[in-house]
Amino acid sequence: MAVEVRDFGPPMRTTGGQVGLLALLFAVAACVAAGSVRASHGVRYGIQDDAWLEFGPGTLNQRLATFKRLGVPLVRFTLHWNEIGRRRPTRPTSPWDRAYDWHRPDRVLLGLRRFGLTPVLTLVGTPGWANGGRAPRFAPPRPRDFRRFAIAAARRYPWVRDWLIWNEPNKRLWLRPTRAAIYVQHLLNPAYEGIHAVLPHAQVGGGVTAPRGGLGGVAPVVWLRGMAAAHAKFDAYAHHPYPLRPGETPSSGGCKNCPSITMATVPKLLILVRRYFGPKPVWLTEYGYQTKPPDDFLGVPPKKQATLLSLAAMRAWRLARVTMLIQYLYRDEPELSRFQSGLVFVDDRPKPSLEGFKLPFAEMGREGFQTRVWGQIRGGRPGRKPYRLEVLHRNVWQAVGRDRLTNDAGVFIRTIRLKRGALLRIWSPRRQRFSLQLRIR
């Protein structure tokens, strides 16, 4: 039986200028080891899958209802400047200029608002008229063009509070020239100023960096330093802390002394953001684990994906100044060269992570026979939520103590006395749903 104790709500070369970077990385690693990052519990959770949301099965209302049932408030969505503004507007800051076509984003964003879901809007993609006819990844030579589009978008969607400027600009796939100064001076700062001119209380996320630069790109540690040198303006630093290998977990397996930043090494990001920009919040605006099947190279077994996503939710909750975590995707993409990190397979069959995402449940730690567990009841009205913790004893599920209430964010922590190998689960009476089973290690 369970006895409750208490409850409460790639290596670098060392030549040239890289010596300084290595010294910085070692200093940051020392700070992490010394425990300089403290927990902060104001994190919001969400999901992104633009393609499924716009073109998935059924009606848009049915897909929005599916997102609503996930129980997370945020939905990240992309505004493609190159699609909305295909020709030069005569009134560039007016969203009602005929050169703008808002039809597609209007449909989705008004739907999100109707269902009580909160958008996180990403501005990306340069139209040909603004960059000399080149591909959308090429930055506009005139920063005022992007600033004007940001103003028009803010006027079109004045109820949107959270904004992101570009996507993974530290990768050549998304931004050319791939330089932090270009990103700051031609995209981030103009958009920041434009959005705040319309919406003073908006929160504008900058960076939006990939976990590593890749071929021809810039590692996020170097990118941060470049943004600081260019005097970047933003309200929150956004990052995509994907694991770089299947064996990496949300809290282990990352490289502390490398210029990459994954979920396992997010404390490094928190320290660098504070060092360069002060105690600004950090948004983790894309995250996920590929599954095997279908990805035999980068994927993890579907059950392990569910476990890792719960651990990531707990990790974000525990990290100081992390205030957002967004799952990418809802459904696997059909091309194996792309993302298979969905909560459902490409044929819409659910993965274990679909249920795990609705009621994340994870083991925090263990000392002797005492185990501390973390969980969250997602969805429903804001405020404290009832839940029951159950343990499997002689093939019968039994309650661990009395039913409890979560905190206002739906989160609970319990410390109980259990043997290794014991199975636990959560029951949510309001949602009429069990969590996935958690085996104590």
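The numbers attached to residues start from 1 for each chain and follow its sequence in the written order. Restriction of local features to residues with pLDDT of at least 70 applies here, the model being predicted, together with a cutoff of 80 or more for giving and counting side-chain atom pairs; totals for whole chains, interfaces and linings are based on all residues. Just so you know, side-chain values use all the structure's heavy atoms and leave hydrogens and water out.

Some words on the overall build of the protein
Only DSSP runs of H or I with at least four residues qualify as helices, and only runs of E with at least two residues qualify as strands; both kinds are numbered from the N terminus onward. Counting secondary structure elements, the protein contains 11 helices and 18 strands. Looking at the 441 residues of the protein, the share that counts as buried comes to 56%. None of His or the chain ends enter the tally, which takes Lys and Arg as positive and Asp and Glu as negative. The atoms used to mark charge sites are NZ of Lys, CZ of Arg, CG of Asp and CD of Glu. Treating the 70 positive side-chain charges of the protein as one cloud and the 29 negative ones as another, the clouds have centres 5 Å apart. Throughout, exposure labels follow a simple rule: accessible area from a 1.4 Å probe, protein chains only, divided by the maximum for the residue type, with under 20% read as buried, over 50% as exposed, and the rest as partly exposed.

A closer look at the environment of Leu-311
Of note, Leu-311 is situated in helix α10 (residues 302-318). Placed 95 residues apart in sequence, Leu-311 and Thr-406 show a C-alpha to C-alpha distance of 18 Å. Not counting residues within four places of it along the chain, the set of residues in contact with Leu-311 comprises Pro-250, Ala-362 and Glu-363. The contact rule is simple, with two residues in contact once any of their heavy atoms fall within 4.5 Å.

Some details on the packing of helix α6 (residues 143-156) against helix α7 (residues 180-198)
Axis angles are defined between N-to-C directions and span 0 to 180 degrees, where every axis is a line fitted to C-alpha atoms and, for a helix, only to the segment in contact. Relative to each other, α6 and α7 sit at 35°, their axes nearing to 8 Å. The handedness of the crossing between α6 and α7 is right-handed. Two secondary-structure elements touch here, α6 through Pro-143, Phe-146, Arg-147, Ala-150, Ile-151, Ala-154 and Arg-155 and α7 through Gln-185, His-186, Leu-187, Pro-190, Ala-191, Glu-193, Gly-194, Ile-195, Ala-197 and Val-198. Class assignment of the residues belonging to the contact of α6 with α7 gives a composition of 11 nonpolar, three polar and three charged. Note on convention: the crossing is left-handed when the near helix lies turned anticlockwise from the far helix by less than a right angle, right-handed when the turn is clockwise. Amino acid classes used here: Ala, Val, Leu, Ile, Met, Phe, Trp, Tyr, Cys and Pro are nonpolar; Asp, Glu, Lys and Arg are charged; the rest, including Gly, are polar.

Observations concerning the sheet that holds strand β5 (residues 162-165)
Two strands qualify as a pair provided DSSP detects at least 2 bridges between them. The strand order β2-β3-β4-β5-β6-β7-β8-β9 describes a closed barrel built from eight strands, whose pairing is parallel. On average, adjacent strands in this sheet sit at an angle of 30° to one another, irrespective of strand direction. Across four bridges, strand β4 (residues 118-124) lies against β5 in parallel orientation. What sits directly across from Val-120, in β5, is Asp-162.

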